[in-house]
Amino acid sequence: MAQPTMLLTGASRGIGHATVKLFQEKGWRLLTVSRQPVSEDCLWPMARESHIQADLSDLDQIDRLVATVRERLPDGALHALVNNAGISPKGPDGARLGVTESDAETWTRVLNVNLVSTALLARALLSELEAAGGSIVNVTSIAGSRVHPFAGVAYAASKAGLAALTRELAHEFGPRGVRANAIAPGEIATSILSPGTDDLVEAAVPLKRLGTPEEVADIIHFLCSERSAYINGAEIHINGGQHV
């Protein structure tokens, strides 16, 4: 079989970085997107060849990003599109941004990165996904279905919208052989955890621990594999029971 190719947004840290490592181990060819260039400290030998720098808050960059992806697809087939890019702006001292603290610029930037760019990438790359019988995986959040003590209102609304978008993609793209699913992580051990997370885990997570990026990456890989061939339009909770 030809080597499968994945396009991953938000690849530079946390869940995205763990996903890159796992898919590389599984023999996938990777194309990664983030708004920052590849770190000079990165030891992955293919990082610079595979990376595409783009700021998804600027929707005018989508066409250039898609053109670059097409140039790098050896046979015009994209086997997986994993939309992991997401931003959650904070106020002073890391304060949560509620409705009264969120201005139009905040809403526009968050929605563009977390939601609108995802729809535009899926739309633009549908032919390439169809050619591979590909899979779309959108990374939502537990904050998309309940008020979260740290995630702001724009972030929460964007993730709720992303869950709805996933269902729409599953409905519209399914007849063309392209599946769309979502994963909704809870408290995952990454570098961007808010102060007080340990208390939240103790009070609200039945398993009494943080999840790991590797555990999330495993589910992403499952949803991009033939083992999940009849899963379409699902949102899988990865939160130790925090949602129950």
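These numbers come from a predicted model, not from an experiment.

K.L.:
Just to check I follow, could you spell out the nonpolar core for this structure?
P.N.:
What tends to happen in soluble globular proteins is that the nonpolar side chains get buried as a cluster. Of all hydrophobic cores here, the largest spans 32 residues; its most connected members are Leu7, Leu65, Val69, Leu81 and Ile136. Tallying contributions element by element places helix H6 (residues 153–173) first for this core, with six residues. Ala11, Ala80, Leu223 and Cys224 belong to the second largest nonpolar core, which has 19 residues in total.

K.L.:
Where do I start with the sheet that holds strand S3 (residues 51–53) in this structure?
P.N.:
Two modes of strand pairing occur in sheets, parallel and antiparallel, and in both the strands are linked by backbone hydrogen bonds. What the seven strands build is an open sheet, ordered S3-S2-S1-S4-S5-S6-S7; its pairing is parallel. Of all strands in the sheet, those with a lone pairing partner are S3 and strand S7 (235–238), marking the two edges. Strand-to-strand twist in this sheet, taken as the mean axis angle between neighbours without regard to direction, amounts to 15 degrees. Inspection of the sheet shows strand S1 (residues 5–9) paired to strand S4 (residues 80–83) by four bridges, in the parallel sense. By the bridge assignment, Thr9 is partnered in S4 with Asn83. On top of the sheet, helix H1 (residues 14–25) reaches S1, strand S2 (29–34) and strand S6 (179–185); it is set at about 170 degrees to S1, its chief contact.

K.L.:
What's the story with the pairing of strand S5 (residues 135–139) in this structure? I'm lost.
P.N.:
Each regular strand carries side chains that alternate between the two faces of the sheet. Here S5 lies mainly inside the structure; five of its five residues are buried. Judged from the four bridges that link them, S4 and S5 form a sheet pairing that is parallel. Bridged to Val82 within S5 is Val137. Note: S5 against S6, five bridges, orientation parallel. Its bridge partner being in S6, Asn138 is matched across the sheet by Ala182. For the segment spanning S5, H6 and S6, crossover handedness is right-handed.

Cut-offs applied
Each residue is numbered by its place in its chain's sequence as written, counting from 1. Restriction of local features to residues with pLDDT of at least 70 applies here, the model being predicted, together with a cutoff of 80 or more for giving and counting side-chain atom pairs; totals for whole chains, interfaces and linings are based on all residues. The basis for the side-chain values is all heavy atoms of the structure; hydrogens and waters are excluded. Within this scheme, the nonpolar core is defined by two criteria: the residues are buried Ala, Val, Leu, Ile, Met, Phe, Trp, Tyr or Cys, and they are joined through side-chain atoms within 4.5 Å. For the exposure calls, accessible area comes from a 1.4 Å probe over protein chains only, and a residue counts as buried if that area is under 20% of its type's maximum, exposed if over 50%, partly exposed in between. Runs of E in the DSSP output that reach at least two residues are strands. Runs of H or I that reach at least four are helices, and both are numbered from the N terminus. Strands are labelled as partners when DSSP assigns at least two bridges between them. Angular values range over 0 to 180 degrees, each being the angle between N-to-C directions of two axes fitted as lines to C-alpha atoms, with helices fitted over their stretch in contact. Contacts are assigned to residue pairs that have any heavy atoms within 4.5 Å of one another. Note on handedness: a clockwise path from strand one over the helix to strand two, with the strands aimed away from the viewer, defines a right-handed crossover.

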